[in-house]
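# Report on the structure
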Amino acid sequence: MLDITVYKIAQIVLMARELGRAEGELRAFIDRLSEEEQASLVAVMWIGRGSFEAEEIEEAKRTAFEEATTPCADYLIGTPHLSDHLENGLDALGLSAAADEDDLIRGG
């Protein structure tokens, strides 16, 4: 299924919400992800914005990997409503980052 943990997606969601203050940190975090993790992240975002259905996760990951023409961080940071799309994508996949986000906010 996903090649990235929900915990990492939760970290990205929180940084994306604070993009004005956390863009450098978000960019560095995404850049350190493996290509497989980046493709999964993009796939979750696409599912969340309705470009793919949850059942098409493997196709979305393959498409993200094959069509990557710009750095992943540039692409994602330039996507309006990134945090919402990631959360919606996780929801569509039957996953939730809420507990991880709460843990991260509390400093865990």
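Look a little higher up for the structure.
Only a predicted model underlies this, so the values are computations on that prediction, with no experimental measurement involved.

## As for the packing of aromatic side chains
Centre distance and the angle of the planes are the two values used to describe a pair of aromatic rings. All chains considered together, the criterion is met by one aromatic pair. Look at Trp46 and Phe52: their rings are 5.6 Å apart centre to centre, the planes differ by 25 degrees, and that puts the pair in the stacked class. Residue Trp46 is classed as buried on the basis of its relative accessible area, which comes to 10%. Given the relative accessible area of 12%, Phe52 is considered buried.

## What about the side chain of Lys61?
Relative to the assigned elements, Lys61 resides in helix α4 (residues 57-66). Apart from residues lying up to four places away in sequence, Lys61 is in contact with Met1, Leu2, Asp3, Ala39, Ser40 and Ala43.

## Things to note about the pattern of salt bridges
Under the criterion given, the structure shown has eight salt bridges. Among the ionic pairs, Lys8 bridges to Glu37, the shortest N-O distance being 2.5 Å. Taken as a pair, Lys8 in helix α1 (residues 6-17) and Glu37 in helix α3 (residues 35-49) lie far apart in primary sequence, 29 residues in all. With a relative accessible area of 26%, Lys8 lands in the partly exposed category. Of the residues examined, Glu37 reaches a relative accessible area of 11% and is grouped as buried.

## Section: the environment of Gly89
Looking at the secondary structure, you find Gly89 in helix α6 (residues 82-92). Note: C-alpha distance between Gly89 and Gly48 (41 residues apart in sequence) is 3.5 Å.

## Quick word on the nonpolar core
Ile9, Ile12, Ile30, Leu41, Leu76 and Leu86 are the most contacted members of the largest nonpolar core, which has 36 residues in total. If you list the elements that add at least two residues to this core, you get α1, α2 (19-32), α3, α4, α5 (72-77) and α6. Sort the elements by how many residues they give to this core and α3 lands first, with eight residues. Residues contacting Ile30, with those up to four places away along its chain left out, are Ile12, Gln38, Leu41, Cys72, Ala73 and Leu76.

What counts as what
- The residue numbering used here restarts from 1 in each chain and proceeds along that chain's sequence as written.
- Confidence filtering applies because this is a predicted model: local features only for residues at pLDDT of at least 70, side-chain atom pairs given and counted only at 80 or more, and all residues used for totals across whole chains, interfaces and linings.
- Side-chain figures throughout are based on the complete set of non-hydrogen atoms in the structure, without hydrogens or water.
- In this analysis, rings of Phe, Tyr and Trp, with Trp reduced to its six-membered ring, are considered paired at centre separations within 6.5 Å, and the interplanar angle assigns stacked below 30 degrees, edge-to-face beyond 60, and tilted for intermediate values.
- Exposure categories follow from relative accessible area, calculated using a 1.4 Å probe and restricted to protein chains: below 20% of the type maximum is buried, above 50% is exposed, and the middle band is partly exposed.
- The helix and strand labels rest on DSSP assignments: H or I over at least four residues marks a helix, E over at least two residues marks a strand, and numbering proceeds from the N terminus.
- Only heavy atoms matter for contacts: two residues are in contact if any of them lie within 4.5 Å across the pair.
- Take a side-chain nitrogen of Lys or Arg and a carboxyl oxygen of Asp or Glu: if they are within 4 Å of each other, that pair is a salt bridge.
- We call a set of buried Ala, Val, Leu, Ile, Met, Phe, Trp, Tyr and Cys residues a nonpolar core when their side-chain atoms join them within 4.5 Å.

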